[in-house]
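Observations on the three-dimensional arrangement
So the chains spell out like this:
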Amino acid sequence: MFVGVTNQLSKFGTTDISNEMNLVHARSYPWDKWQWYLERSPIYWAGQSETPLLIMHGKDDPRVHPAQSMELYRYMKVQGKDVRLVYYPGEGHGNRKVAAQYDYSLRLMRWMDNYLMEGKKEMPAFEIDHAAKLKEVKDANK
């Protein structure tokens, strides 16, 4: 998940475009339909999740506040789900810096390879040796 909305109720109070919910998406405000907003929020359904979840988010995102990712992370972690949260300092609603884009790509590929290609049950390590990965890519392209 990348810069994902996880709680439609709290999104309204943390985004820089709160009126867009009313004007474009839901055509209502959260206080008009609390239950409706709640049931359309991933946190409402988090307990049913069986899929390991990698959450990545720009630490300075004004559009989808980083707290959105923290909420889902916390819901899943407390329930013992496989979940990891990675914040990118200095990034907003999408990674603009090459280093963050590179890290995002490596993490996503490693996550998918780990669970889908290799069929592992445990999460991959959090740390990434970026220099070693870059050397692998250069060696493969020789």
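Residues numbered from 1 in each chain as written. Predicted model: local features only at pLDDT ≥ 70, side-chain atom pairs only at ≥ 80, totals over all residues. Heavy atoms only, no water.

Topic: the pairing of strand β2 (residues 83–88)
Convention followed: Burial classes: relative accessible area under 20% of the type maximum marks a residue as buried, over 50% as exposed, and values in between as partly exposed (1.4 Å probe, protein chains only). We count a stretch as a helix when DSSP gives it H or I for four or more residues in a row; a strand needs E for two or more, and each element gets its number in order from the N terminus. Here, strands pair whenever DSSP counts at least two bridges between them. Look down the strands so they point away from you; if the path from the first strand over the helix to the second goes clockwise, the crossover is right-handed.
Of all 6 residues in β2, 5 are buried; the element is thus mostly enclosed. As defined by bridge partners, strand β1 (residues 53–58) adjoins β2 across 6 bridges and the pair is classed as parallel. Paired with G58 across the bridge in β2 is Y88. Read from β1 through helix α5 (residues 66–78) to β2, the crossover connection turns out right-handed.

Details of unusual backbone geometry
If you check the backbone angles, V3 has positive phi at about 45° while not being a glycine. Along the chain, V3 turns up in the segment before α1 (8–14). Even without glycine at this site, R27 takes up a positive phi of about 60°. Here R27 is to be found in the loop between α2 (18–25) and α3 (34–39). Residue R27 is classed as exposed on the basis of its relative accessible area of 60%.

Some details on the side chain of T15
What counts is decided by this rule: A 3.5 Å cut-off defines polar contacts: any pair of N or O atoms within that distance qualifies, except that in protein one atom must be a possible hydrogen donor and the other a possible acceptor, and neighbouring residues in sequence count only when both atoms are side-chain atoms. Throughout, a residue-residue contact means that at least one pair of heavy atoms, one from each residue, lies within 4.5 Å.
Position of T15 relative to the elements: it lies in the loop between α1 and α2. Here T15 falls in the buried class, since its relative accessible area comes to 12%. Reaching out from T15, the side chain makes a polar contact with the backbone oxygen of R63 at a distance of 2.5 Å. Ignoring any residue separated from it by four or fewer positions in sequence, one finds T15 in contact with P62 and R63.

Here's the deal with the UniProt feature "domain: Peptidase S9 prolyl oligopeptidase catalytic" (unreviewed entry) in the protein
The line we're drawing: UniProt positions are given in the numbering used here, feature names are shortened, and annotations may be inferred rather than shown by experiment.
Residues annotated by UniProt as "domain: Peptidase S9 prolyl oligopeptidase catalytic" (unreviewed entry) correspond here to residues 3–116. The annotated region residues 3–116 carries 50% helix and 11% strand content, and the separation between its end C-alpha atoms amounts to 23 Å.

Some thoughts on a nonpolar patch on the surface
Threshold: In this analysis, a patch consists of residues with relative accessible area above 30% that form no salt bridge, clustered at 9 Å for like charges and at 5 Å for the nonpolar side chains Val, Leu, Ile, Met, Phe, Trp and Tyr. Here the Shrake-Rupley method, with its probe set to 1.4 Å, supplies the accessible areas, and only the displayed protein chains count as covering residues. One side-chain nitrogen of Lys or Arg within 4 Å of one carboxyl oxygen of Asp or Glu is enough to make a salt bridge.
A surface patch of nonpolar side chains, about 360 Å² in accessible area, is lined by M112, L116 and M117. Note on placement: M112 falls in helix α6 (residues 98–117). Judged by its relative accessible area of 37%, M112 is partly exposed.

Comments concerning the pattern of salt bridges
Proximity of charged atoms lets side chains of opposite charge pair with each other. Summed over the entire model, instances satisfying the criterion amount to 6 salt bridges. A salt bridge links R107 to D103; the shortest N-O distance between them is 2.7 Å. In this pair, R107 and D103 are both assigned in helix α6, 4 residues apart and thus about one turn of the helix distant. Assigned by exposure class, R107 and D103 land together as buried. A salt bridge links K142 to D139; the shortest N-O distance between them is 3.6 Å. With a relative accessible area of 81%, K142 lands in the exposed category. In this structure D139 comes out as partly exposed when scored by relative accessible area, which is 37%. Three or more residues are tied together by salt bridges with common partners; here these are K135, D139 and K142.

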